[in-house]
Amino acid sequence: MNSVTLKQLDAFVQVADLGSFRRAAERLNTTQPNISARIAGLEATLGVTLMDRDAGSVRLTSRGRTLLDHARDVLRSVEAMLGAVGDAGLVQGVMRLGVTELVVHTWLSTYLGALRERFPNLLVELTVDLSADLSKALFDRSLDMTFQNGPFGRQISGTVELGLHPYVWVAGAVPDLGQGRRLAATDLLAHPILTHSRGTLAFDQISAHFAGTGVRPRLVPSSNLAACLQMALDGYGLACLPRAMVWDALATERLRELDYGWTPDPLGFAARFDAGRASGYVADAAELARDIALEDRNS
């Protein structure tokens, strides 16, 4: 009788989670025929049918659903055994990480360096996108973990808070905005306001705020906050951006802070992952992100 292998169990879990032999092959860096062979070998050894396959879909049988949690337990036990050795170099795999632009421009580089030091043989595949798109990828299991801002339409079992990022109004070479005084909404009419893309909480709050004042400034939304920052530096308009993105420009006086008296709600960030399916190192990586984000805010 052939023995059950870890590769077979890993293939079984990945196909079950991703619902696709092709996606499981991509996740495990192998070919679809190899995944099919591993599943077939596991079924032959166990003497059961684990999955029903038809065009474009994979469904677990009742026996497959029963055995899936046992397969996870075996893989986690092996991972725990490697962790007990105390050699983080034994941790191998690929972590698919999704982050928003703010993380890229603040503490991501420091985090990736610390992660590499802790898990030298863990590879990271990085996706940078809007928070809403990251959520979709997280729930269709294209990503293992995200560092993203709320609000979150769907909750997930693994959540580590990464802190708040308040907003600030800034301007570059805009000569007709008085310094040293509180600005009124009418003071902003002459200038484009650069900010988050439509459909984000910040854009909606800014739109609602000015609607409440009766003032209709020209809002210039963008999915690229770095572009907003650069346009503000070039004097194209005012910007309402997270302070973390502009602190260097403020410190070097390339931008100046405007005293307007109102900002959108701070961006609340979290590391998010499926605690029931993710490898143990994902939870460790989330805790590391919390530490790095805290250090960045306190620096």
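Residues numbered from 1 in each chain as written. Predicted model: local features only at pLDDT ≥ 70, side-chain atom pairs only at ≥ 80, totals over all residues. Heavy atoms only, no water.

Caption draft 1: Structural detail: the sheet that holds strand β5 (residues 145-149). Pairing is mixed in the open sheet, where five strands are placed in the order β4-β3-β5-β12-β6. Sheet topology places β4 (122-128) and β6 (158-165) at the edges, where each strand pairs with a single neighbour. Direction aside, the axes of adjacent strands within the sheet are offset by 15° on average. Of the strand pairs in this sheet, strand β3 (residues 93-99) and β4 are connected by seven bridges, and their pairing is parallel. Across the sheet, glycine 98 pairs through a bridge with threonine 127, a residue of β4. (Pairing = 2+ DSSP bridges. Helix = DSSP H or I, 4+ residues; strand = E, 2+ residues; numbered from the N terminus. Axes fitted to C-alpha atoms, helices over the stretch in contact; angles between N-to-C directions.)

Caption draft 2: View of helix α1 (residues 6-18). Between the first and last C-alpha of α1 there are 18 Å, a value that for 13 residues agrees with the 18 Å anticipated at 1.5 Å per step. Burial in α1 covers these residues: Gln8, Leu9, Ala11, Phe12, Val13, Gln14, Val15, Asp17 and Leu18. Among the residues trailing α1, glycine 19 stands out with phi positive, at a value near 70°. (Expected span 1.5 Å × (residues − 1). Buried < 20%, exposed > 50% of the residue type's maximum accessible area, 1.4 Å probe, protein only.)

Caption draft 3: Broad picture of the sheet that holds strand β7 (residues 167-171). Pairing is mixed across the open sheet formed by five strands, whose spatial order is β9-β8-β10-β7-β11. Here the strands that pair on one side only, and so sit at the sheet edges, are β9 (219-221) and β11 (256-257). Strand direction decides the pairing type here: strand β8 (residues 193-195) and strand β10 (residues 238-242), joined by two bridges, are parallel. Residue pairing in the sheet places leucine 194 in a bridge with alanine 239 of β10. Along the sheet face, helix α9 (residues 225-233) touches β8 and β10 and points at about 140° away from the line of β10. Sheet strands touched by helix α10 (residues 243-251): β7, β10 and β11. Its angle to β10, the strand with the most contacts, is close to 120°. (Contact = heavy atoms within 4.5 Å.)

Caption draft 4: Local environment of the environment of leucine 112. Among the structural elements, leucine 112 can be located in helix α6 (residues 108-118). For the pair formed by leucine 112 and leucine 233, sequence separation is 121 residues and the distance between their alpha carbons is 28 Å.

Caption draft 5: Here's a closer look at a nonpolar patch on the surface. A surface patch of nonpolar side chains, amounting to about 270 Å² of accessible area, comprises Val104, Val124, Leu126 and Val128. The dominant element in the nonpolar patch, judged by the number of residues it contributes, is β4, at three residues. Looking at the secondary structure, you find leucine 126 in strand β4. (Patch = residues over 30% accessible without salt bridge, like charges linked within 9 Å, V, L, I, M, F, W, Y side chains within 5 Å. Areas by Shrake-Rupley, 256 points an atom, 1.4 Å probe, with all protein chains shown as cover. Salt bridge = Lys/Arg side-chain N within 4 Å of Asp/Glu carboxyl O.)

Caption draft 6: The pattern of salt bridges, seen in detail. For the coordinates displayed, the defined rule picks out 12 salt bridges. Of the charged contacts in the structure, one is a salt bridge between aspartate 144 and arginine 27, with a shortest N-O distance of 2.9 Å. Pair noted here: aspartate 144 is in the loop between α7 (131-139) and β5 and arginine 27 is in helix α2 (residues 21-27), with a separation of 117 residues, a long-range link. For glutamate 287, the salt bridge is made with arginine 290, and the minimal N-O distance between the two is 2.4 Å.

Caption draft 7: Examining the packing of α6 against helix α11 (residues 280-298) more closely. With their axes 10 Å apart at the nearest point, α6 and α11 run at an angle of 135° to one another. With respect to their mutual orientation, α6 and α11 come out oblique. As for how α6 packs across α11, the hand of that crossing is right-handed. Contacts between α6 and α11 involve Thr110, Tyr111, Ala114, Leu115 and Arg118 on the former and, on the latter, Asp284, Ala285, Leu288, Ala289 and Ile292. Class assignment of the residues belonging to the contact of α6 with α11 gives a composition of seven nonpolar, one polar and two charged. (Parallel < 35°, antiparallel > 145°, perpendicular 65-115°, else oblique. Left-handed = near helix turned anticlockwise from the far one by under 90°. Nonpolar A, V, L, I, M, F, W, Y, C, P; charged D, E, K, R; others polar.)

Caption draft 8: Looking closely at the packing of aromatic side chains. All told, the structure shown has six aromatic pairs when counted by the stated rule. On the numbers, 6.2 Å between centres and 85° between planes, the contact of tryptophan 169 with phenylalanine 210 is edge-to-face. A residue pair is termed long-range when its members are at least 10 positions apart, and tryptophan 169 in strand β7 and phenylalanine 210 in helix α8 (residues 201-213) qualify at 41 residues. When sorted by exposure, tryptophan 169 lands in the same class as phenylalanine 210, which is buried. Among the aromatic residues, ring-to-ring pairing joins Trp107, Tyr111 and Phe147 into one connected group. Directly above the aromatic system of phenylalanine 139 lies the positively charged group of arginine 154, at a separation of 3.8 Å from the ring centroid. Between the NZ or CZ atom of arginine 272 and the centre of the ring of phenylalanine 152, over which it lies, the distance is 4.0 Å. (Phe/Tyr/Trp six-rings, centres within 6.5 Å; stacked < 30°, edge-to-face > 60°. Lys NZ or Arg CZ within 6 Å of the ring centre and 35° of its normal.)

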